[in-house]
Amino acid sequence: MRKIIVGVMGPGEKATANDLENAYELGCLIAQQGWILLTGGRNAGVMDAANKGAKSANGLTLGILPKNDRDSISNDVDIAIFTDMGNARNNINVLSSDVVIACGMGAGTASEIALALKGDKPVILLNNDAESKVFFKKLSPENVYIVESVVDAIATAKVILS
């Protein structure tokens, strides 16, 4: 039986304290579901926090890295895939995920959401940015789910994946 892969996308260096807290909790709850966590794999921001959370719950983590640079990997990534593709790796991130949870918002995160929607992937938005919620919901009303908490994000993912 194929394992479920849940992508958590969000800002790196510009992640807020709230983004980091949510990402850690997401990683933990994703692992508790027995799902594989996929992130951008770097030792920064949402990526690192989600991986830490997943590892705290003995989860399996997969990192799709933008460079061929071992120094930038989160210590909590089990499987690192080096793409040397820069931001183009965002397409790999979202197309390899069964569902994408966007935790926070930044230019890279927006690009991943747009690529996921183009690829007909479900996206769960967990952020406080009202404009991005309206914008992405307008782009793909059937594939964008807006949630207010990590618990709601996991519950929504369960419904999507069932």
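Attention here is on the structure that accompanies the text. In this convention, every chain numbers its residues from 1, walking through the sequence in written order. Note on the predicted model: pLDDT of at least 70 is required for a residue's local features to be given, and 80 or more for side-chain atom pairs to be given and counted; whole-chain, interface and lining totals, by contrast, use all residues. Excluding hydrogens and water, the side-chain values take into account all heavy atoms of the structure.

### So, the layout of surface pockets
Next, step 1: By volume, the largest pocket is sized at about 530 Å³.
Next, step 2: Lining residues are those with an atom within 4 Å of a point, where the points come from a 1 Å grid over the protein atoms alone and group into cavities, where a 1.4 Å probe fits but cannot get out, or pockets, open sets with protein on both sides within 12 Å along at least five of seven lines. What lines the largest pocket is a set of 32 residues, and nearest its centre among them are Gly10, Pro11, Gly12, Arg42 and Gly108.
Next, step 3: By the criteria applied, helices consist of DSSP H or I runs no shorter than four residues and strands consist of E runs no shorter than two, each listed in order from the N terminus. Here the lining of the largest pocket takes four residues from helix H4 (residues 107–118), the largest share from any one element. Grid points are joined across faces, edges and corners, and a volume is the space filled by probe spheres set on the points.

### What to know about the environment of Ser74
Next, step 1: Its place among the elements puts Ser74 in the loop between strand S3 (61–65) and strand S4 (79–82).
Next, step 2: Expressed as a C-alpha distance, the spacing of Ser74 and Ala50, which sit 24 residues apart in the sequence, is 9.9 Å.
Next, step 3: Here, residues are in contact when the closest pair of their heavy atoms is within 4.5 Å. For Ser74, the contacting residues outside a window of four places in its chain are Gly41, Arg42, Asn43, Asp48 and Asn51.

### Here we look at helix H5 (residues 130–139)
Every α-helical turn comprises 3.6 residues, leaving residues that sit three or four positions apart pointing alike.
Next, step 1: Exposure categories follow from relative accessible area, calculated using a 1.4 Å probe and restricted to protein chains: below 20% of the type maximum is buried, above 50% is exposed, and the middle band is partly exposed. Buried within H5 we find Ser132, Lys133 and Phe136. An end-on view of H5 places all buried positions within 100 degrees of arc, on one side of the element. In this structure, H5 carries Glu131, Val134 and Lys138 as exposed residues pointing more than 90 degrees from its buried face. Note that the arc is defined by the directions from the helix axis to the C-beta atoms.

### Considering the pattern of salt bridges
Next, step 1: A side-chain nitrogen of Lys or Arg and a carboxyl oxygen of Asp or Glu constitute a salt bridge if their distance falls within 4 Å. For the structure on display, the rule yields six salt bridges.
Next, step 2: Arg42 is the salt-bridge partner of Glu13, the closest N and O atoms lying 3.0 Å from each other. Of the two residues, Glu13 is situated in the loop between strand S1 (5–9) and helix H1 (17–32) and Arg42 in the loop between strand S2 (36–39) and helix H2 (45–56); the sequence distance between them amounts to 29 residues.
Next, step 3: Salt-bridge contacts for Asp76 lead to Lys52; the nearest nitrogen and oxygen are separated by 3.8 Å. On the criterion of sequence distance, the pair formed by Asp76 in the loop between S3 and S4 and Lys52 in helix H2 is long-range, its members being 24 residues apart.

### Focus on the pairing of S2
Next, step 1: Burial along S2 is two-sided: the residues Ile36 and Leu38 and Leu37 and Thr39 are all buried.
Next, step 2: Bridge count between S1 and S2: three bridges; the pairing is parallel. When the bridges of S2 are listed, Ile5 appears paired with Ile36.
Next, step 3: We call a crossover right-handed when, viewed with both strands directed away from the observer, the connection leading from the first strand over the helix to the second proceeds clockwise. Read from S1 through H1 to S2, the crossover connection turns out right-handed.
Next, step 4: Regarding topology, H2 serves as the crossover connection from S2 to the parallel S3, and that connection is right-handed. Pairing between strands is defined by DSSP: at least two bridges between them are needed.

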